[in-house]
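# Close look at the chain arrangement
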Amino acid sequence: MTIKYPVGTVRDLLTTDLVTEATRQALVKRLNTPPRQPTFFSTDEFTLLQAVCDRLVPQGETDQPIPVADGIDERLSGSETNGWRYDTMPTDGDAYKLGLKGIDESAQALFQQPFLSLTGGEQDQVLKAIQLMEAPGETWQTLPADRFFEELLAEAVENYYSHPIAQEEIGYVGMADTPTWKRVGLDQLEDREPRAVQINE
Amino acid sequence: MPYKTSELVDAVVIGTGAGGAPLLARLAKAGLSVVALEAGKNWNPMQDFPTDEKAQSKLFWNDERLSAGNDPLPFGSNNSGTGVGGSTLHYTAYTPRAQPDDLRIRTDFGVGEDWPIDFDQIAHYYDEVEQFLGVSGPANYPWGPARKRAYALGPLPINGAGQLMERGSKKIGIKTSPAANAALSAGYYQEGVGHRPGCANRGFCQAGCNIGAKASMDVTYIPLAVHYGAEIRPECFVTQLIKDASGKISEVVYMHNGQEERQRCRFVFLCAGTIETARLLLLNDLANSSGQVGRNVMAHPGLQIWGEFDEDIRPYKGIPGAIISEDMHRAADADFVGGYLLQSIGVMPVTYVSQMARGRGLWGQDLKQAASAYNHVAGINILGDCLPYAHNYMELSDEKDIRGLPKPRVYFSNGESEERMNAHANKVMREIWSAAGAKNVWAFPRNAHVIGTCRMGNDSNTAVVNADGQSFDIPNLYISDNSTFPSALSVNPALTIMALALRTADRFLDAYK
Ligand SMILES: Cc1cc2nc3c(=O)[nH]c(=O)nc-3n(C[C@H](O)[C@H](O)[C@H](O)COP(=O)(O)OP(=O)(O)OC[C@H]3O[C@@H](n4cnc5c(N)ncnc54)[C@H](O)[C@@H]3O)c2cc1C
Ligand code: SF4
């Protein structure tokens, strides 16, 4: 089942009084943040991270790319954490730097080229091998590959789906809550809730 | 009116969550001079609680903890909160009562621990808390002992996930009921606060409620406590408890705006939650003659089963915690200790997709496709008893936090009983979803709610505090939070924590007033 929703739904709602001022500020800021110059990662690391994020959460042809890696750099620059980490993992910043090195090592071992030079399909093979703990490379002798992959993936999808444009993609308009929701049961939609435009297969 | 730090106040309460706030209100009402020290901020819900998951991650305890064992516990969003109101700022507000036999696990099963009090000693506190918070619930709740009074308000509207759980359960003969939930189904007058509005069905309870319809402590027991003269000091992180020559605690040391402050006091009530309460005691080498501080970490088996449905569900609408079943409280075919309850769950998109990433390892087009079904997903989860084990504990690690204090390391591995319970529940929930017409069903294994580390009991060799929450070692130190539970119970913990907090306050007042 593929479900598609019209574009612009969240952006339209953000101009109305169906969202609270606090909600509007948080989302408009996210929408309008310009691309980031990395301050935690080196330029090379950051380019690699962006390429990896593009495979994890592919974006297709959007008018406005969602800056997934930017949020990771921003968090690590501020030394923020999400409150926990696996005891078998080094600190988040070290894990990212090591893991990126490991991704390139695995790409070299599998395809004799850096990750950035590979086709999308080859890049996916590298990432899949890391997720399954089958990737070659010295880094994975010390850094648990599956945990690294899980943490990276979780953060990438959280950054992606926090963005208003990604929320439009999945038909989420929960932010438009000032009038209260009256129709909350199955198949009960309010006027402001987007209808799926095309369901195929 | 603020107290001076040089003044000798009757009591310092550390932490303002489910365990701290009710007790604070009770002590203040009795006329005691009380000061609450809270590590987190004092929020203004209208301004500070946007309907946005990322913007509300500030409500979680985001100081890093190290998670070890076979089933490492996630903290942050999954387990703990901060701010005036503690974890109740972002709890889902399900408020089931424990059942009497939950408190007798050892008697009934020969393993685990009994509570040093029985159900009758907390029943009237349950009743009091439910009425004060304005809990919404059904006229006739099908499980457990009959209640003295009906719930304060009628049930909340049932959202899509709830309707589907009702539908599936009915087909296979499992009884369900609208859940008791501490969100208001209608406006409610509350002592110390005034009128609180009814729930707007905005489905956002796992973060802060911006209208005060959800009974978090910041809109219930905290204002009541302030009304009776308590002082709340936010952004005060307690680091030390200082003992005097007589062995009692005479001063509480805390950090505020980078400055060290000290508050003199007669009694201390430690209500910092399972991990931070034990951490403070271990850091200060206090109240641990039993060697039990930090031991017996428990966490409810919290398996979730998700499915996709043809119907439009829109999981962002309606109270996330709508439907409950306690039919598995003592399931006839159980091969595990205790029991579990079933609850329908609504979910916000970032939480949902992030669980798909961790739980199913989905990425690329597979992830995008599964995420595009968001408006058609519904979940059920369990919360079940968990035994205390020697292999589950917390310790201070060598790694330091930003204050230079050791980070806690928490070991957790489910035992055989928890594994069997999860397997049983997996089958039951899949049956419900299949009867309801679900497709693409998947399981997200997890444990929710940390419990234990400072258990209560009758024996000072095996427990940290007595049945009144009083330390066996330090007579003017009390503990009131999730840490004192001797067993995990087969229900969400907050209501029981609040009921116990009031009992602890009353027992203390009886003894010392
Ligand atoms: C997402 C989520 C949903 C939940 N849903 C439910 C539900 O539906 N029903 C339910 O019953 N329970 C639920 N819970 C659990 C419930 O919120 C907790 O069990 C309960 O709030 C714990 O109470 P407590 O008093 O032990 O700790 P908390 O409520 O966490 O309070 C502890 C307080 O102490 C403060 N503190 C800690 N250390 C210090 C220090 N050194 N100095 C000063 N202050 C300090 C913290 O900032 C915090 O405010 C949920 C939890 C989560 C994470
Ligand atoms: S669902 Fe109701 S109680 Fe929960 S946050 Fe929304 S308005 Fe508040």
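Residue numbers run consecutively from 1 along every chain, following the written order of its sequence. All chains are assigned letters beginning with A, and all ligands numbers beginning with 1, in the order in which they are written. Whole-chain, interface and lining totals are the exception, using all residues; otherwise, since this is a predicted model, local features are given only for residues with pLDDT of at least 70 and side-chain atom pairs are given and counted only at 80 or more. Each side-chain value is derived from all of the structure's non-hydrogen atoms; neither hydrogens nor water enter the calculation.

### Some points on the site of ligand 2
The condition that has to hold: The rule for a residue being near a molecule or strand is that one of its heavy atoms must lie within 4 Å of it. Note on residue classes: Ala, Val, Leu, Ile, Met, Phe, Trp, Tyr, Cys and Pro are nonpolar, Asp, Glu, Lys and Arg are charged, and everything else, Gly too, is polar.
All residues in the neighbourhood of ligand 2 are listed as B:Ala183, B:Cys199, B:Ala200, B:Arg202, B:Gly203, B:Phe204, B:Cys205, B:Cys209, B:Ile211, B:Lys214 and B:Ile319. Class assignment for the residues of the shell around ligand 2 results in eight nonpolar, one polar and two charged.

### With respect to the packing of helix α5 (residues 92-111) of chain A against helix α6 (residues 120-131) of chain A
Pairs of packed helices are described in terms of their axes, by the angle between the two and the distance that separates them. Residue and element names in this part refer to chain A. Selection rule: To get an axis, fit a line to the C-alpha atoms, keeping to the stretch in contact for a helix; angles then go from 0 to 180 degrees between the N-to-C directions. Every helix listed is a DSSP run of H or I at least four residues long, and every strand listed is a run of E at least two residues long, numbered separately from the N terminus. Crossing chirality is assigned from the near helix's rotation relative to the far helix, an anticlockwise turn below a right angle marking it left-handed and a clockwise turn marking it right-handed. Residues count as neighbours in contact if any of their non-hydrogen atoms are within 4.5 Å of one another.
The geometry of α5 relative to α6 is characterised by a closest axis approach of 10 Å and an angle of 115° between their N-to-C directions. Our pair here, α5 against α6, has a crossing hand that is right-handed. Between α5, through Ile103, Ser106, Ala107, Leu110 and Phe111, and α6, the contact on the second element is made entirely by Glu122, Gln125, Val126, Leu127 and Ile130. Of the residues assigned to the contact of α5 with α6, the class counts are seven nonpolar, two polar and one charged.

### Digging into the UniProt feature "domain: Glucose-methanol-choline oxidoreductase N-terminal" (unreviewed entry) in chain B
What counts is decided by this rule: UniProt positions are given in the numbering used here, feature names are shortened, and annotations may be inferred rather than shown by experiment.
The UniProt record annotates "domain: Glucose-methanol-choline oxidoreductase N-terminal" (unreviewed entry) at residues 82-301 of chain B. Between the C-alpha atoms that bound residues 82-301 of chain B the distance is 23 Å, and the span itself is 23% helix and 21% strand.

### A look at the sheet that holds strand β2 (residues 84-86) of chain A
For the record, the criterion: A pair of strands counts as paired when DSSP detects no fewer than two bridges linking them.
The four strands lie next to each other as β2(A)-β3(B)-β17(B)-β16(B), forming an open sheet whose pairing is mixed. Across the chains shown, the open sheet's two edge strands, defined by having one partner strand only, are β2 of chain A together with β16 (394-400) of chain B. On average, each strand axis in the sheet is tilted by 35° relative to the strand beside it, whichever way the strands run. In the sheet, strand β3 (residues 65-68) of chain B pairs with strand β17 (residues 406-411) of chain B via three bridges, with the strands oriented parallel. In the sheet register, B:Ala68 faces β17(B), and the bridge partner there is B:Tyr411.

### With respect to the site of ligand 1
Residues and elements named next belong to chain B. Rules: Whenever a nitrogen or oxygen atom comes within 3.5 Å of another N or O atom, the pair is scored as a polar contact, on the condition that within protein one atom can donate a hydrogen and the other can accept it, and that pairs from neighbouring residues in sequence are kept only if both atoms are in side chains. Using the Shrake-Rupley algorithm and a 1.4 Å probe, accessible areas are obtained, with residue cover drawn only from the displayed protein chains.
Near ligand 1 you find 41 residues, and of these Gly19, Glu38, Thr82, Ser87 and Ala494 are the closest. Note that an oxygen atom of ligand 1 is positioned 3.3 Å from one of the backbone N or O atoms of Ala18. Within the contact set of ligand 1, an oxygen atom lies 2.7 Å away from a backbone nitrogen or oxygen of Ala494. Against a free-state accessible area of 1,000 Å², the protein chains account for coverage of 96% of ligand 1. At the level of secondary structure, the elements contributing two or more residues to the shell around ligand 1 comprise β8 (236-243), α7 (273-284) and α11 (494-512). Within the shell around ligand 1, the residues separate by chemical class into 17 nonpolar, 21 polar and three charged.

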